[in-house]
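# Results of the structural survey
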Amino acid sequence: MSNINLPFHDICAIILILGGLFFFFTSTVGLLRFPDLYTRMHATGKGDTLAVLLIISGAILHHGLNLDSAKLLLISVFISIANPTGTHAIGRAAYRCGIKPWLKKDVSKVK
Amino acid sequence: MLTQIYKNLIVQTVCRIIIPFIQIYALYVIAHGHYSPGGGFQGGVILAAALALIFLAYGQDAAVRRLNRHQAVILCAIGVFIYAGIGLLCLLAGGNFLDYSRLAPILGVTIPRARSLGILGVEIGVGLAVMSAMYSIIIDVAGKSTIAAPRDFVQLPKTKRDNVGPAA
């Protein structure tokens, strides 16, 4: 085990990609376990964006500076613009359609 | 039915920023079809997606002002004409249908160059046809109907489900 010596940027890439996988996992768990649309969107909208950005930055670190990593950088810029906008549009449309947010049962009884 | 338009500043601003990049990316996919994954069909669909984004964010009127349904159908026919015309040109030059190597003496270039140019021309035709066909499908499916209902059209009674939709 001791004769494995990865270069420093590869270690950083592995850490970033593992972090990305962790956030993908948590957002998937949130998507499956949360009770209604708004909370599910809250989980996936932020978690997926962060996970994709982490994985792309890990791939850039692994690949070094060339044309492919420039393309990856462009992809990450557009994802970071478009993904929150899509989440915003879906949430707004759901609110306009009159979907009620989830409340705890005792809270609705008090109301 | 997208009859009502809500002005959403965030979505409209992001669409205004991002639509030119989508279109440039679509042209890149069309032009690099013979080197990398992609081609006329995929690039045409991405172009149609940019138009659909205008349709969704700014409403049907804004999209139709840029490209109306009539123009889209004409563009579709032009795309098919480019494709079939290049194929028939090869046929007239003495080869098989879409045998680009016969175009080399006409264009005055070497045979591999002629094949590359022929594929590029065919993909531009396919991209035009796919973009305009997709766009006219989007207008037909999601747009306000511009055609009057036929005379024997039976109006179904309104149910509660018809009232589901954006609250005024």
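Notes on the structure in this doc start here. Remember, predicted model here, so these are calculated numbers, not experimental data.

Definitions and limits used
Residues numbered from 1 in each chain as written. Chains lettered and ligands numbered in written order. Predicted model: local features only at pLDDT ≥ 70, side-chain atom pairs only at ≥ 80, totals over all residues. Heavy atoms only, no water. Helix = DSSP H or I, 4+ residues; strand = E, 2+ residues; numbered from the N terminus. Buried < 20%, exposed > 50% of the residue type's maximum accessible area, 1.4 Å probe, protein only. Contact = heavy atoms within 4.5 Å. Rg over C-alpha atoms; globule rule 2.2 N^0.38 Å. Areas by Shrake-Rupley, 256 points an atom, 1.4 Å probe, with all protein chains shown as cover. Lys, Arg positive; Asp, Glu negative; His and termini not counted. Charge placed at Lys NZ, Arg CZ, Asp CG, Glu CD. Salt bridge = Lys/Arg side-chain N within 4 Å of Asp/Glu carboxyl O. Polar contact = N/O pair within 3.5 Å; in protein donor to acceptor, adjacent residues only side chain to side chain. Nonpolar A, V, L, I, M, F, W, Y, C, P; charged D, E, K, R; others polar. Expected span 1.5 Å × (residues − 1). Bend = angle between axes of the 7 residues up to and from the residue. Patch = residues over 30% accessible without salt bridge, like charges linked within 9 Å, V, L, I, M, F, W, Y side chains within 5 Å.

## Considerations on the overall build of chain B
- Helix and strand counts for chain B come out as 6 helices and 0 strands.
- Scanning chain B from its N terminus toward the C terminus, one meets helices and strands in the order α-α-α-α-α-α.
- Each of the 168 residues in chain B was classed as buried or not, and the buried ones make up 33%.
- Taking as baseline every contact in chain B between residues at least 6 positions apart, the subset at least 24 positions apart corresponds to 64%.

## What to know about the overall build of chain A
- Counting secondary structure elements, chain A contains 4 helices and 0 strands.
- Its C-alpha radius of gyration of 19 Å places chain A more than 25% over the 13 Å reference for a compact globule of 111 residues.
- For chain A, the spread of C-alpha atoms along the three principal axes comes to 65 × 35 × 15 Å.
- Every one of the 111 residues in chain A was classed for burial, and the buried ones make up 22%.
- Counting contacts in chain A only where the partners sit at least 6 residues apart, residues at least 24 apart contribute 68% of the total.
- Carbon and sulfur atoms make up 73% of the accessible area of chain A, which totals about 7900 Å².
- Taking the average place of the 11 positive charges on the side chains of chain A and the average place of its 5 negative ones, the gap between the two points comes to 17 Å.

## A word on unusual backbone geometry
Residue and element names in this part refer to chain B.
- One non-glycine residue, L98, lies in positive phi territory at about 65 degrees.
- Along the polypeptide, L98 turns up in the loop between α4 (69–92) and α5 (104–107).
- Classification of L98 as partly exposed rests on a relative accessible area of 22%.

## Looking at the interface of chain B and chain A
- Tallying the contact residues gives 12 residues for chain B and 10 residues for chain A.
- At the boundary of chain B with chain A, the tally comes to 0 salt bridges.
- Counting across the chain B and chain A interface gives 2 residue pairs in polar contact (both at pLDDT 80 or more).
- By residue class, the composition of the side of chain B that touches chain A is 9 nonpolar, 2 polar and 1 charged.

## Quick word on helix α1 (residues 9–31) of chain B
- Here α1 of chain B is 23 residues long and its end C-alpha atoms lie 34 Å apart, about the 33 Å a rise of 1.5 Å per residue gives.
- The largest bend along α1 of chain B measures about 35 degrees and falls at I18 of chain B, with the proline P20 of chain B one to four residues further on.
- Every buried residue of α1 of chain B is accounted for by V11, Q12, V14, C15, I18, I19, A26, V29 and I30 of chain B.
- Among the structural elements, α3 (67–96) of chain A together with α2 (40–58) and α6 (111–142) of chain B are those in contact with the buried residues of α1 of chain B.

## Some remarks on a nonpolar patch on the surface
- Taken together, the side chains of I4, L6, I11, I14, I15, I17, L18 and L21 of chain A define a hydrophobic patch exposed on the protein surface, amounting to about 720 Å² of accessible area.
- Residue position: I11 of chain A is located in helix α1 (residues 8–33).

## A word on α3 of chain A
- Given a rise of 1.5 Å per residue, 30 residues ought to cover 44 Å, and the 43 Å separating the end C-alpha atoms of α3 of chain A matches this to within 8%.
- Turning to α3 of chain A, its buried residues number three or more, namely S69, S76, T85, T87, G91 and A94 of chain A.
- Buried residues along α3 of chain A sit against α2 (37–63) of chain A together with α1 of chain B.
- By the N-cap criterion, in which a side-chain oxygen at the helix start approaches the backbone nitrogen of a residue two or three places on, α3 of chain A is capped by N66 of chain A, the distance to D68 of chain A being 3.3 Å.
- Once α3 of chain A finishes, G98 of chain A follows within two positions and takes phi at roughly 85 degrees, a positive value.

In short, shape yes, function no, at least from these values alone.
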